[in-house]
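# Fold and contact review
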Amino acid sequence: MSLPQTMRAVLYNAAEQLSVKEINVPTVGDDDVLMKVNFCGICGTDAHIHRGGFNVKFPIVPGHEPVGTVAAVGEKVKDFKIGDRIVADCSVVCEDCFFCRRGKPLYCTTFGAVGIQFNGGFAEYLTFPQRKVYKIHNLADEDATLLESAACAVHGLDQLKPDVGIEVLVLGSGPTGLILAQLLKLNGASKVAIASNKGVKLETARKLEAADVYYEIDRKAPDEAWQRLAAENPMGFDVVVNPSGAEKLANVALNYVRRGGTLMLYGVYDETAMVHWPPARIFREEIKIIASFSQTLCFPRAVAYLDSGKVKVKGMVSDVYTLEQYQEALDKMETRDAVKIVIKT
Ligand SMILES: [Zn+2]
Ligand SMILES: [Zn+2]
């Protein structure tokens, strides 16, 4: 099969200035796998990129959650062949800086990603070195767009190192929250509660049985659910996770951490977001505050959990758009009336 010379891609020249352009299909190096992108997930990070945040380098083709099939392989590629169904780990580290040399690539001083500093998956083709590519077998292509979120959630559990039998509160039921909740159930939690706004995300959480208990927050009368949460859990939770990136939730999350417990900050917050926590209580109750940012080397475990069906993602993809509808997809995400939005290329 001969490959085309050019392809369609969502190209940003600057913040908020995007159009679908015809650009060159990337060249395939000896060690590279060329992916024909079938779907690429869109997430909160892409909304930050749209506004010029997240250290984005323009011009850029965004998209860091690509899924597709192998369209070509370089001479040195042995483990992949044309037609294999694949996902790719989009993280990019230098392997040479202070942190990379200490075996901490996540802290790489130039940590970046395909789709943020390098052209990404909202395009018809994309190349990766073969070491960044993983085969999928059972997962449908559109569901495999959740693998990037799942890899980040696996890193979250690495950070948390959950003890056996813990009780956990997850604040939010977006894709990441739903995957984190399931991973926590599989890795030691005796009880997982999700508190989240009423809507399609929480309905999906229930369908997937992501948690054991649900607190449905009515945006018009939120106090009721928070009061029930406090009344039913007077001793709080061993672990509270805020995967929402919401400043307000980061502030209130501490109220639900029990003595000796842990608050894990997880979502992408605005740079201007601030918290106001009482250090006296954090000190007296020995509360730990930890964080989990992105991931490196977590894809093998994420693929194992999702491709086996142990972590369920079927039904999370709520909306499918084309490359030409990219702006509509971003607008839909802003409405919060969607779980996972994907672009079909
Ligand atoms: Zn993402
Ligand atoms: Zn580095």
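Per-chain numbering applies: the sequence of each chain, read as written, is numbered from 1 onward. Here chains are named by letter from A upward and ligands by number from 1 upward, in the order in which they appear as written. pLDDT decides what is reported in this predicted model: residues at 70 or higher carry local features, side-chain atom pairs at 80 or more are listed and counted, and totals for whole chains, interfaces and linings draw on all residues regardless.

## Things to note about the pairing of strand β2 (residues 17-24)
Rules: Burial is judged by counting other C-beta atoms within 10 Å of a residue's own C-beta: 20 or more means buried, 12 or fewer means exposed, and anything between counts as partly exposed, with every C-beta placed from the backbone. Secondary structure is summarised from DSSP: a helix means a run of H or I of at least four residues, a strand means a run of E of at least two, and numbering begins at the N terminus for each. Note: two strands are recorded as paired if DSSP finds a minimum of 2 bridges between them.
Within β2, only zero of the eight residues are buried, which leaves the element largely exposed. The pairing of strand β1 (residues 6-14) with β2 spans eight bridges and is classified as antiparallel. Residue Thr 6 lies in a different strand from β2, and its bridge partner there is Asn 24. In this antiparallel pair of consecutive strands, β1 and β2, the connection spans two residues, and Glu 16 shows a positive phi of 65°.

## Here's the deal with the domain arrangement of the chain
Rule in force here: Throughout the structure description, domain borders are defined by an automatic or database domain assignment. Gly counts as polar in this scheme, as do all residues outside two lists: the nonpolar Ala, Val, Leu, Ile, Met, Phe, Trp, Tyr, Cys and Pro, and the charged Asp, Glu, Lys and Arg.
Domain boundaries assigned for the chain yield domain 1 (6-146 + 316-344) and domain 2 (150-291). Distance between the C-alpha centres of domain 1 and domain 2: 28 Å. Looking at the side of domain 1 that touches domain 2 element by element, the count peaks at three residues for helix α1 (residues 44-50). Counted by class, the side of domain 1 that touches domain 2 contains four nonpolar, four polar and four charged residues.

## Observations regarding the UniProt feature "domain: Alcohol dehydrogenase-like C-terminal" (unreviewed entry) in the chain
The line we're drawing: UniProt positions are given in the numbering used here, feature names are shortened, and annotations may be inferred rather than shown by experiment.
Residues given the UniProt feature "domain: Alcohol dehydrogenase-like C-terminal" (unreviewed entry) here are residues 175-303. End-to-end, the C-alpha atoms of residues 175-303 are 15 Å apart, and along that stretch the chain is 37% helix and 26% strand.

## Considering the nonpolar core
Rule in force here: In plain words, the nonpolar core is the set of buried Ala, Val, Leu, Ile, Met, Phe, Trp, Tyr and Cys residues that C-beta atoms within 7 Å link up. Contact criterion: two residues are in contact if their C-beta atoms, reconstructed from the backbone, are within 7 Å.
Core analysis: the largest hydrophobic core is formed by 100 residues, its most contacted members being Met 35 and Ala 150. If you count residues domain by domain, this core takes at least three from each of domain 1 (6-146 + 316-344) and domain 2 (150-291). The residues contacting Met 35, other than those within four sequence positions of it, are Pro 66, Gly 68, Val 70, Ala 71, Ile 86, Ala 88, Tyr 125, Leu 126 and Phe 128.

## Topic: helix α4 (residues 175-186)
Basically, it comes down to this: By this rule, a helix spans an expected 1.5 Å times one less than how many residues it contains.
Taking 1.5 Å of rise per residue, 12 residues should cover 16 Å, and α4 covers 17 Å from first to last C-alpha, within 8% of that figure. Summarising burial for α4: 10 of the 12 residues are buried, a large majority. If you check which residues of α4 are buried, you get Pro 175, Thr 176, Gly 177, Leu 178, Ile 179, Leu 180, Ala 181, Gln 182, Leu 183 and Leu 184. On its buried side, α4 packs onto α3 (147-160), β10 (166-171), β11 (189-197), α5 (200-207), β13 (237-242) and β17 (340-344). Among the residues trailing α4, Gly 188 stands out with phi positive, at a value near 115°.

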